[in-house]
Amino acid sequence: MTTSRLPPSPLTWDVFCQVIDNFGDIGVCWRLSADLAARGHAVRLWTDDASALAWMAPQGAAGVQVLPWPRQPPPSGPGDVVVEAFGCEIPPAFQAAIGAATRAAANGASRAPLWINLEYLSAEPYVERSHRLASPIFSGPAAGCTRWFYYPGFTAGTGGLLREPALAQRQAGFDRAAWRARHAIAPGDCAISLFCYEPPALPALLDQWHSGPATRLLVTPGRAAAAVRAWQAGHNDETPQRPQRPGHPLSITYLEPCPQPAFDEMLWACDLNCVRGEDSLVRALWAGQPFVWHIYPQEDNAHHAKLQAFLDWLQAPASLRAMHAAWNGLEPGATLPLVDASTLQTWRACVLAARQRLLAQEDLLTQLLGFVAEKS
Ligand SMILES: Cc1cn([C@H]2C[C@H](O)[C@@H](COP(=O)(O)OP(=O)(O)O[C@H]3O[C@@H](C)[C@H](O)[C@@H](O)[C@H]3O)O2)c(=O)[nH]c1=O
């Protein structure tokens, strides 16, 4: 593990988050902001859509101010560090204020804001090449400033993954048996969490579980719930409620949206986690339980290479690769492997080994603080 020189604390951070769709943009920005605040920094989280925080983070966090997308910078000017998440374009007046603060700092009286572009997570090779690159700005309101590209990732040459320092302690203190009892998961049942878009292989997998050993499916609200309901409705020879009958191999529970800490606990408690997007993938890795990733689909199928790169990094066994190919519809008609106890055991060993490799690296925020110290 490398050690980084930390900048003086506390710093003021402006984190910008535009919500494109789904919950990953605000989910990642919230985790970053809350972790910064927990480490003593002051955070202004500027977002065009804070609605999901009502259920994702109803508790808020001391030190994080959630603010609407700004037309103007605050009277005090930009913070010490400005983070543009996922290439969102910060408002021109704010950019101009960064430009003015940077010029003022040139005479040595103050410190120029450090401008970070926090990118999407990928295991592809371009990440190591692009991480920490400077992007000088030649025109517009922030001409003369520099943006720095910061790439999360899975290897030592990247910015790492978000992992708050308290996570290990929270996990160590987690009572898995009590959680499962509270959720009426019978001993010996296989508990599966489902957070996905519309995986092409979902109906086939539900059919498999429908006639397999006792399985408890915990379905998150929104697209996952709609996809499972569509499958239930398609079982015309049975009443839609039949899978929920006591004693039936497959029992389905539809969940309410829950705060991030409770979402994490669900991943720790289940025997298989179906996750999606970016943030829940990272949390599934920290959970150390078998998981299947529904990658965010891109129009030009750019997600295919992204998924393969991730599976390569994961050192996924053949059955887990086959599962991902079918789940994500990479190959039409791909056969779904049998997801039984022995398959899950193989997947668990793979995930635990990957988790161990990741734990040997510094987390994203520790690395980012080191970067800020280096550039300040
Ligand atoms: C279902 C549920 C989710 N969550 C949180 C966990 C995560 O922080 C967040 C979900 O984010 P993700 O896992 O990233 O999946 P997502 O599909 O919602 O988000 C995606 O959005 C796209 C726009 C991005 O391009 C993708 O990369 C990805 O981030 O919601 C809860 O806190 N409680 C819940 O009940």
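All of the points below concern the structure found in this document. What you see is a predicted model, and the numbers here were worked out from it, not measured in a lab.

## Quick word on the sheet that holds strand S11 (residues 272-276)
Across a sheet, strands are paired by hydrogen bonds formed along the backbone, either parallel or antiparallel in direction.
Phase 1: Taken together, five strands build an open sheet; the order of strands is S10-S9-S8-S11-S12 and the sheet is parallel. What marks the edges here is a single partner per strand, and that holds for strand S10 (250-254) and strand S12 (291-294). For this sheet, the mean inter-axis angle between neighbouring strands, taken without regard to orientation, is 15°.
Phase 2: Alignment of S11 against S12, held across four bridges, turns out to be parallel. In the sheet register, Arg-276 faces S12, and the bridge partner there is His-294.

## A word on the site of the ligand
Phase 1: In the neighbourhood of the ligand, 23 residues make up the surrounding shell, with Tyr-197, Cys-258, Arg-276, Asp-279 and Ser-280 lying closest.
Phase 2: Gly-24 is positioned such that a nitrogen or oxygen atom in its backbone is 2.9 Å from an oxygen atom of the ligand.
Phase 3: The contact in question runs from an oxygen atom of the ligand to an N or O atom on the side chain of Tyr-197, over 2.5 Å.
Phase 4: For the ligand, the accessible surface in isolation is 700 Å², of which the surrounding protein chains cover 97%.

## Considering the pattern of salt bridges
Phase 1: Inspection of every chain in the model, using the stated rule, returns 17 salt bridges.
Phase 2: A salt bridge links Arg-39 to Asp-363, with the shortest nitrogen-to-oxygen separation between them at 2.9 Å. Highlighted residues: Arg-39 in the loop between helix H1 (24-38) and strand S2 (42-47) and Asp-363 in the loop between helix H13 (341-359) and helix H14 (364-375), separated in sequence by 324 residues.
Phase 3: Here Arg-39 falls in the partly exposed class, since its relative accessible area comes to 22%.
Phase 4: Judged by its relative accessible area of 8%, Asp-363 falls in the buried class.
Phase 5: Arg-321 is the partner of Asp-312 in a salt bridge, and the nearest nitrogen-oxygen pair spans 2.5 Å.
Phase 6: Given the relative accessible area of 49%, Asp-312 is considered partly exposed.
Phase 7: Several salt bridges share partner residues, and in doing so they unite Arg-31, Glu-164, Arg-170, Asp-264, Asp-279 and Arg-283 into one network.

## What about the packing of H1 against H14?
Phase 1: With their axes 11 Å apart at the nearest point, H1 and H14 run at an angle of 65° to one another. Regarding the angle of H1 to H14, the classification is roughly perpendicular. When you trace H1 past H14, the crossing you get is right-handed. Note on element contacts: H14 touches H1 through Leu-364, Leu-365, Leu-368 and Leu-369, opposite Leu-32, Asp-35 and Leu-36.
Phase 2: Within the contact of H1 with H14, the residues separate by chemical class into six nonpolar, no polar and one charged.

## Things to note about the sheet that holds strand S5 (residues 114-118)
Phase 1: Taken in spatial order, the seven strands line up as S3-S2-S1-S4-S5-S7-S6 in an open sheet, and their pairing is mixed. Because the sheet does not close on itself, it has two edges, and the strands there are strand S3 (64-68) and strand S6 (134-136). With strand direction ignored, the average angle separating the axes of adjacent strands in the sheet is 25°.

Scoring rules and cut-offs
Residues numbered from 1 in each chain as written. Predicted model: local features only at pLDDT ≥ 70, side-chain atom pairs only at ≥ 80, totals over all residues. Heavy atoms only, no water. Pairing = 2+ DSSP bridges. Helix = DSSP H or I, 4+ residues; strand = E, 2+ residues; numbered from the N terminus. Axes fitted to C-alpha atoms, helices over the stretch in contact; angles between N-to-C directions. Near = heavy atom within 4 Å. Polar contact = N/O pair within 3.5 Å; in protein donor to acceptor, adjacent residues only side chain to side chain. Areas by Shrake-Rupley, 256 points an atom, 1.4 Å probe, with all protein chains shown as cover. Salt bridge = Lys/Arg side-chain N within 4 Å of Asp/Glu carboxyl O. Buried < 20%, exposed > 50% of the residue type's maximum accessible area, 1.4 Å probe, protein only. Parallel < 35°, antiparallel > 145°, perpendicular 65-115°, else oblique. Left-handed = near helix turned anticlockwise from the far one by under 90°. Contact = heavy atoms within 4.5 Å. Nonpolar A, V, L, I, M, F, W, Y, C, P; charged D, E, K, R; others polar.

The analysis is restricted to geometry; functional conclusions fall outside its scope.
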